[in-house]
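Letter by letter, the chains look like this.
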Amino acid sequence: KVDCVFIACPSDVHFKYINYLKKNNYKGFIFCEKLPVTNLNELKRLQKIIDNKIYFNFNLRHSILNKILKSKVYGSLRNVIIIDNKPYFKKFNSKNNWRFKDKNILITNIFPHYLHMLNENIPNLENNFKIIKSKGKKIHEDISIIYSSKDCVCNLHMSYLRGLEKSFIFHFDNAKVDIQNNLLKVFKYPKIKMGSRFQPLKIIKSKKLKDIFNVSNIESVRYFVKHVKKNKSFKIKQVKYDLEINKKL
């Protein structure tokens, strides 16, 4: 009878709860963490029962990174470099932590946010991305992913072993946007003349940011609750896109 339900457990049991709610004719809204499901069989079953009252939380949907990618101020996007390292492997007891039950956890837990965001903003991004995995006893400790469209190349590196590092670099036609550990800098490309020496990039903007993922997560919850309060359904196109990203993974 509640207005909404939050499903925030590990992804492998998401379908169990969504299916339970739908079987019991639940009419309210559902906020479900990503990934929606973790296998193709559940994905096929989920596609039959989803509606426009379910919201899957791909966390970067409301982030400053997404706003930068959507902006046309600096021209077309040509290159993306992302490093997302968190030393979880050392911080948590890997025997009891759900993150380490899946050897491909970096692909299923970190990469989805970026795949969702990049696919939405870069036209004709190729599906046949190359994944390079390090060897590890419990998980692949380092993952590098390269994929591209006709006009843009994306390079991503993720780790649960290395020191904490968040780095986002976007090369546009006319500028470079660089975010290092929540410090945003925009560099303008100098005009290059034949026979002239190379000139360093010029900073035209510098700004300290709050934690990107925390802010985006808060905005996601606000976005969801706003729809609940107004009893306003989500776009079914958005829900289907989320499941399409799930299918790619």
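Residue positions are counted from 1 within each chain, in the order its sequence is given. Where totals are concerned, whole chains, interfaces and linings use all residues; where local detail is concerned, this predicted model gives features only for residues with pLDDT of at least 70, and gives and counts side-chain atom pairs only at 80 or more. With hydrogens and water set aside, each side-chain value is computed from the structure's full complement of heavy atoms.

**Student:** Pulling in residues and values, what's your account of the overall build of the protein?
**Tutor:** Starting at the N terminus, helices and strands are each numbered in turn, a helix being any DSSP run of H or I of at least four residues and a strand any DSSP run of E of at least two. Counting secondary structure elements, the protein contains seven helices and eleven strands. Against the compact-globule benchmark of 18 Å for 249 residues, the protein has a radius of gyration of 20 Å, which places it among compact chains. A simple rule labels every residue: compare its accessible area, found with a 1.4 Å probe on the protein chains alone, to the largest value its type can have, and call it buried under 20%, exposed over 50%, or partly exposed in between. Of all 249 residues assigned to the protein, the portion counted as buried reaches 45%. The contact rule is simple, with two residues in contact once any of their heavy atoms fall within 4.5 Å. A sequence separation of at least 24 residues applies to 67% of the contacts in the protein between residues at least 6 apart. Of the accessible surface of the protein, which amounts to about 14600 Å², a share of 53% is contributed by carbon and sulfur atoms. Atoms counted for the radius of gyration: C-alpha only. Globule rule: 2.2 Å times residue count to the power 0.38. Accessibility throughout is a Shrake-Rupley quantity obtained with a 1.4 Å probe, and a residue counts as covered only by protein chains that appear here.

**Student:** So what's going on with helix α2 (residues 40-49)? Residues and values would help.
**Tutor:** What α2 keeps buried is the set E42, L43 and L46. With its buried residues spanning 100° around the axis, α2 presents them on a single face. Among the exposed residues of α2, those pointing more than 90 degrees away from its buried face are L40, K44 and K48. Against the buried residues of α2 lie α1 (14-23), β3 (54-57) and α7 (236-248). Arc, as used here, means the arc of the directions from the helix axis to the C-beta atoms.

**Student:** So, the sheet that holds β3: which residues are in play, and what are the values?
**Tutor:** When DSSP finds two or more bridges between a pair of strands, those strands are recorded as paired. Taken in spatial order, the three strands make up an open sheet running β1-β2-β3, and their pairing is parallel. Edge positions in the sheet fall to β1 (4-7) and β3, since each of these pairs with one other strand and no more. Taking the axes of each pair of neighbouring strands and ignoring which way they run, one obtains an average angle of 15° across the sheet. Axis geometry follows a simple rule: fit a line to the C-alpha atoms, using only the stretch in contact for helices, then measure angles between N-to-C directions, giving values from 0 to 180 degrees. The sheet contacts of helix α6 (residues 212-230) involve β1, β2 (29-33) and β3, and relative to β2 the element is tilted by about 165°.

**Student:** So what's going on with the sheet that holds strand β6 (residues 142-148)? Which residues, and what values?
**Tutor:** For sheets, the rule is that strands pair by backbone hydrogen bonds, running either parallel or antiparallel. Reading across from one edge, β5-β6-β7-β4-β8-β9-β10-β11 is the order of the eight strands in this open sheet, with mixed pairing throughout. Two strands close off the open sheet at either side, each with one partner strand: β5 (130-133) and β11 (202-208). Within the sheet, the average angular offset between the axes of one strand and its neighbour, ignoring direction, is 10°. Lying on the sheet, helix α5 (residues 105-121) is in contact with β4 (77-85), β5, β6, β7 (153-159) and β8 (165-172); it crosses β6 at an angle near 25°.

**Student:** Describe a nonpolar patch on the surface, and please don't skip the residues or the numbers.
**Tutor:** A grouping of I132, I146 and V153 is seen on the molecular surface, where their side chains present a nonpolar patch of about 220 Å² in accessible area. Among the secondary structure elements, I146 is positioned in strand β6. With a relative accessible area of 38%, I146 lands in the partly exposed category. Here the term patch refers to residues with relative accessible area over 30% and no salt bridge, with like charges joined within 9 Å and nonpolar side chains (Val, Leu, Ile, Met, Phe, Trp, Tyr) within 5 Å. Each reported salt bridge corresponds to a side-chain nitrogen of Lys or Arg within 4 Å of a carboxyl oxygen of Asp or Glu.

**Student:** Can you explain the packing of aromatic side chains? Please cite residues and give values.
**Tutor:** Pairing of aromatic side chains here covers Phe, Tyr and the six-membered ring of Trp, requires ring centres within 6.5 Å, and sorts the geometry by plane angle: under 30 degrees stacked, over 60 edge-to-face, intermediate tilted. All chains considered together, the criterion is met by 15 aromatic pairs. Taking 4.9 Å as the distance between ring centres and 35° as the angle between the ring planes, the aromatic pair formed by F6 and F31 counts as tilted. On the criterion of sequence distance, the pair formed by F6 in strand β1 and F31 in strand β2 is long-range, its members being 25 residues apart. On the basis of relative accessibility, which here comes to 42%, the residue F6 falls in the partly exposed class. Considering the side-chain rings of F224 and F234, the 6.0 Å spacing of their centres and the 10° angle between planes classify their relative orientation as stacked. In this pair, F224 sits in helix α6 while F234 sits in the loop between α6 and α7, placing the two residues ten residues apart along the sequence.

**Student:** How would you summarise the confidence of the model for the protein if you had to cite specific residues and measurements?
**Tutor:** pLDDT: the predictor's confidence for each residue, scored from 0 to 100. With 92% of its residues at a pLDDT of 70 or more, the protein shows a mean pLDDT of 89. Ranking the elements of the protein by mean pLDDT puts helix α4 (residues 88-91) last with 62 and β1 first with 98.

**Student:** Account for the side chain of H14, with residues named and values stated.
**Tutor:** Mapped onto the secondary structure, H14 falls in helix α1. N or O atoms within 3.5 Å of each other form a polar contact, as long as, within protein, one can give a hydrogen and the other can take it, and as long as residues adjacent in sequence are counted only when both atoms are side-chain atoms. A polar side-chain atom of H14 sits 3.2 Å from the main-chain carbonyl oxygen of E33. Those residues within four positions of H14 in sequence are excluded, and the remaining contacts are I7, C9, C32, E33, K34, L35 and P36.

**Student:** Any details on the side chain of D178? Residues and values, ideally.
**Tutor:** With respect to the secondary-structure elements, D178 resides in strand β9 (residues 175-180). Here D178 falls in the buried class, since its relative accessible area comes to 11%. A polar atom in the side chain of D178 sits 2.8 Å from the side chain of Q180. For D178, the contacting residues outside a window of four places in its chain are F168, I169, L183, L184, K185 and F187.

**Student:** Report on α6, specifying residues and quantitative values.
**Tutor:** Multiplying one less than the number of residues by 1.5 Å gives the expected span of a helix. Over its 19 residues, α6 runs 27 Å from end to end, which matches the ideal 27 Å to within 8%, given 1.5 Å per residue. Looking only at α6, the buried set comprises I212, F213, S216, S220, F224, H227 and V228. Relative to the axis of α6, the buried residues are bounded by an arc of 145° and lie together on one face. With respect to the buried face of α6, the exposed residues turned more than 90 degrees away are R222, K229 and K230. Backbone nitrogen of F213 and a side-chain oxygen of the N-cap are separated by 3.2 Å at the start of α6; the cap is D211. Just downstream of α6, N231 is the residue with a positive phi angle, here 50°.

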